[in-house]
Amino acid sequence: MAKNLVIVESPAKAKTIEKFLGKDYVVKSSIGHIRDMPKKDMGIDLENNFEPTYEVTADKKKVVAELRKAVKVAEKVYLATDEDREGEAIAWHLLEALKLPRDTSRIVFHEITKGAITNAITNPRTVDFNLVDAQQARRVIDRLVGFEISPVLWRKISGARSAGRVQSPVMRLVVEREREISQHSAVSSYKVKAELVNDNGELVEVKLNKDFDSKDQTLAFATQLLSADLSVLSVEKKPSKRSPKAPFITSTLQQEASQKLGFSVKQTMTIAQNLYREGAITYMRTDSFTLSETAIEAAEKVIKQEFGVEYHNARRFKTKDAGAQEAHEAIRPTDLTKPSIYGVDEQTAKLYSLIYKRTLASQMSDAKLQKTQIKIAVSNADELFVAMGEILTFPGFLKVYNYLSAEDKLLPDLTQGEPLTLASFSARESFSRAKPRYTEASLVKKIEEMGIGRPSTFATMVSTVQDRNYVTKETREGFEREYELIEISEGTVVESKPNETTGVEKNKLFPTNVAYLLNDFLVKNFSNIID
DNA sequence: CAGTGAGCGAGCTTCCGCTTGACTT
């Protein structure tokens with residue numbers, strides 16, 4: 001019989017840790033929180049210092065019963081819940097529910113490696129009751145807000161079902177963005193492009209250094225250009241670089257999977273959960289950019305072997321967000337020698353590959369570029385034409401993770417003073433755009449920036465506002481729009497009015513009618529809460 | 001006499017954050 005009992009939150013984690021610790025240890029999991037306030041009433045004594053009542057949650061009765069049994073036969077118990085506010089509270093709830101002494105050993109680790117775990121075991125502490133109280137305050141206030149305001153809404157606003165610290169600001173963002181969009185009036189301007197040619201017949205694409213406000217100005221410039229002399233004013237070359245991004249955390253994984261693979265936030269999390277359960281990746285609900293030293297070394301080995309020493313650059317990314325709790329690592333493959341996994345469906349393979357590439361790239365050297373800027377003077381005008389070129393001189397991390405198209409944009413080798421002639425000219429009317437509607441992923445990004453919600457709730461918060469019928473996800477067709485086009489053809493200025501399809505929206509979030517009413521009601525009456 | 005509709009009363013809804021897995025669309 002094992003002498004030591006270790007309790008963690010996640011069953012998958014329990015399995016891994018048990019392997020590291022050997023036969024003297026049995027590792028069990030709480031499967032998240034085990035106790036909460038009652039479902040049906042407030043469960044807070046408002047007359048008595050806001051004392052909360054807790055009970056074992058219906059779906060955790062079995063778990064708690066099993067843990068009690070395990071505690072009975074154990075000589076020593078270690079509470080190894082996550083090292084964050086919620087994890088500390090879970091440790092305390094375990095103390096209470098399992099009737100453990102207050103000085104029961106509490107251990108923490110931020111990475112699932114043998115070294116980290118044995119080190120934790122040899123350096124136990126006790127439960128931090130200040131942190132537990134912080135969590136209780138958070139929990140009590142969330143319930144007070146939700147359970148006091150929601151019933152008011154049932155009476156006052158038909159269709160309104162709920163309000164809360166998180167969901168109401170989330171809904172507000174969508175409502176306010178939609179109002180901004182409907183108030184936006186498109187201002188038009190004219191962007192000028194041209195192709196110029198030198199005496200050797202080499203062509204260069206250029207843009208004008210300013211846009212025109214009106215059609216008249218644009219026509220005047222086009223006419224001036226007919227009799228202008230063009231010549232190279234300057235050629236400037238300078239090196240530049242691009243650096244890889246930090247490894248994934250929950251929010252950035254959701255954004256990239258949305259942009260690159262078209263996954264919904266929920267879909268991404270479901271697939272990531274499966275990868276985690278199979279042991280292919282580290283924990284997927286995290287706000288930490290940190291990679292374990294073991295992973296950093298493994299990446300170094302792979303990069304040097306696959307690409308060469310010059311492609312390696314060990315990087316340690318710091319979390320900027322002051323509210324981050326950093327109980328886990330960044331999201332990374334557990335085995336960096338496996339660029340892909342097999343025997344899984346296509347979407348799972350794609351998400352894994354994305355995680356693999358992002359992780360490896362984060363430990364690689366900068367990409368180096370040579371940028372060239374050529375300015376071309378127009379003899380009878382103040383405006384300049386500008387050509388920009390970019391050559392990749394060293395790919396670095398771009399070898400595995402392409403954020404931008406790494407295609408070279410080559411320019412002909414022009415020299416200062418060289419004369420050029422106009423080969424083509426087009427000035428196209430364009431319209432200022434309103435801010436885009438949120439997608440699930442961009443809403444998560446915004447929410448995280450504002451410090452609302454936690455990685456474990458990003459997916460549920462975007463679905464809660466949809467379940468409550470405050471927000472809908474829709475794909476909308478584009479509409480035809482006419483624009484002015486001014487060109488030069490055979491020495492004369494030509495005008496036309498072509499059409500284009502614009503405003504195509506895929507999986508964007510729109511507020512419902514209820515959301516407008518509810519939002520205005522909350523802003524008016526509970527401004528301190530929805531702010 | 002059967003069916004309809006007004007009127008009344010009872011019962012329900014709700015928060016956020018931590019975990020999965022069972023279940024439905």
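So, a few notes on the structure that sits alongside this text. Quick caveat, the model's predicted, so the values are computed rather than measured.

### Let's talk about the pairing of strand β13 (residues 384-394)
Okay, step 1: In this sheet, β13 lies alongside strand β10 (residues 203-208) in antiparallel orientation, the contact comprising 2 bridges. Residue leucine 208 lies in a different strand from β13, and its bridge partner there is phenylalanine 385.
Okay, step 2: Inspection of the sheet shows strand β12 (residues 367-378) paired to β13 by 10 bridges, in the antiparallel sense. Of the residues in β13, the one forming a bridge with threonine 372 is glycine 389.

### Considering helix α9 (residues 265-277)
Okay, step 1: The first and last C-alpha atoms of α9 sit 18 Å apart over 13 residues, in line with the 18 Å expected at 1.5 Å per residue.
Okay, step 2: Considered for burial, the residues of α9 that qualify are Val265, Thr268, Met269, Ile271, Ala272, Leu275 and Tyr276. Down the axis of α9, the smallest arc covering the buried residues is 165 degrees, so these residues share one side.
Okay, step 3: Turning to α9, the residues buried within the fold contact α1 (11-21), α8 (250-261), α11 (346-361), α12 (440-449) and α13 (458-467).
Okay, step 4: Positive phi shows up at glycine 279, right after α9, with a value of about 80 degrees.

### Some remarks on helix α10 (residues 293-306)
An α-helix turns once per 3.6 residues; consequently, residues spaced three or four apart project the same way.
Okay, step 1: Taking 1.5 Å of rise per residue, the 14 residues of α10 would be expected to cover 20 Å, and the 20 Å separating its terminal C-alpha atoms lies within 8% of that figure.
Okay, step 2: Residues of α10 that are buried: Ala295, Ile296, Ala299, Val302 and Ile303. Buried positions in α10, seen along its axis, are confined to an arc of 130 degrees and lie on one side of it. Counted as exposed and oriented over 90 degrees from the buried face of α10: Glu297, Lys301 and Gln305.

### Examining the protein's contact with DNA strand B
Okay, step 1: Lining the immediate surroundings of DNA strand B are 37 residues, of which Ser10, Arg161, Gln167, Tyr283 and Ser456 lie closest.
Okay, step 2: Considering the 4 Å shell around the protein, atoms of DNA strand B inside it are sugar or phosphate in 62% of instances.
Okay, step 3: Of all elements in the fold, only α5 (129-156) and α9 reach the threshold of two or more residues within the surface near DNA strand B.
Okay, step 4: Across the surface near DNA strand B, the residue classes tally to 9 nonpolar, 12 polar and 16 charged.

### Digging into the packing of aromatic side chains
Okay, step 1: This structure, assessed with the given rule, holds 9 aromatic pairs.
Okay, step 2: Measuring from ring centre to ring centre gives 6.4 Å for tyrosine 25 and tyrosine 78, while their planes differ by 35 degrees; the resulting arrangement is tilted. Of the two residues, tyrosine 25 is situated in strand β2 (residues 25-29) and tyrosine 78 in strand β7 (residues 76-79); the sequence distance between them amounts to 53 residues.
Okay, step 3: Assessed through its relative accessible area of 17%, tyrosine 25 is described here as buried.

### Section: unusual backbone geometry
Okay, step 1: Not every positive phi belongs to a glycine, and phenylalanine 50 is a case in point at roughly 60 degrees.
Okay, step 2: Assignment of secondary structure puts phenylalanine 50 in the loop between β4 (44-45) and β5 (51-52).
Okay, step 3: What makes phenylalanine 50 partly exposed here is its relative accessible area of 42%.
Okay, step 4: Positive phi outside glycine occurs at lysine 99, with the angle close to 55 degrees.

### Structural notes on the sheet that holds strand β8 (residues 105-106)
Each strand in a sheet pairs with its neighbour through backbone hydrogen bonds, running either in the same direction (parallel) or in the opposite one (antiparallel).
Okay, step 1: Spatial ordering of the open sheet is given by β2-β1-β7-β8, a layout of 4 strands whose pairing is parallel. Strands with a single pairing partner mark the edges of an open sheet, and in this sheet they are β2 and β8.
Okay, step 2: As judged from the 2 bridges shared by β7 and β8, these two strands associate in the parallel manner. Pairing of leucine 79 across the sheet is with arginine 106, part of β8.
Okay, step 3: Where α1 meets the sheet, its contacts fall on β1 (4-8) and β2, and the angle it forms with β2 comes to roughly 170 degrees.

Rules and cut-offs
Within any chain, residue numbers begin from 1 and follow the written order of that chain's sequence. Both sets of labels track the order of writing: A upward for chains, 1 upward for ligands. Since the coordinates come from a predicted model, pLDDT governs what is reported: local features require at least 70, and pairs of side-chain atoms require 80 or more to be given and counted, while whole-chain, interface and lining totals use all residues. Side-chain metrics in this entry use all non-hydrogen atoms of the structure; hydrogen atoms and water are not considered. A pair of strands is considered paired only if DSSP assigns at least 2 bridges between the two. Here a strand is any run of E in DSSP of at least two residues, a helix any run of H or I of at least four, and the numbering for each starts at the N terminus. One less than the residue count of a helix, multiplied by 1.5 Å, gives the span that helix is expected to have. A 1.4 Å probe rolled over the protein chains alone gives each residue an accessible area, and that area as a share of the maximum for its type sets the label: buried under 20%, exposed over 50%, partly exposed in between. The arc in question is formed by the directions pointing from the helix axis toward the C-beta atoms. What makes two residues a contact is simply this: any of their non-hydrogen atoms within 4.5 Å. One heavy atom suffices: a residue is near a molecule or strand as soon as one of its heavy atoms comes within 4 Å of it. Classification used: nonpolar for Ala, Val, Leu, Ile, Met, Phe, Trp, Tyr, Cys and Pro, charged for Asp, Glu, Lys and Arg, polar for all others including Gly. Each Phe, Tyr or Trp ring, with Trp reduced to its six-membered ring, pairs with another whose centre is within 6.5 Å; inter-plane angles below 30 degrees give stacked pairs, above 60 give edge-to-face pairs, and intermediate values give tilted ones. Simply put, an axis is a line fit to the C-alpha atoms, just over the touching stretch for a helix, and the angle between two N-to-C directions goes from 0 to 180 degrees.

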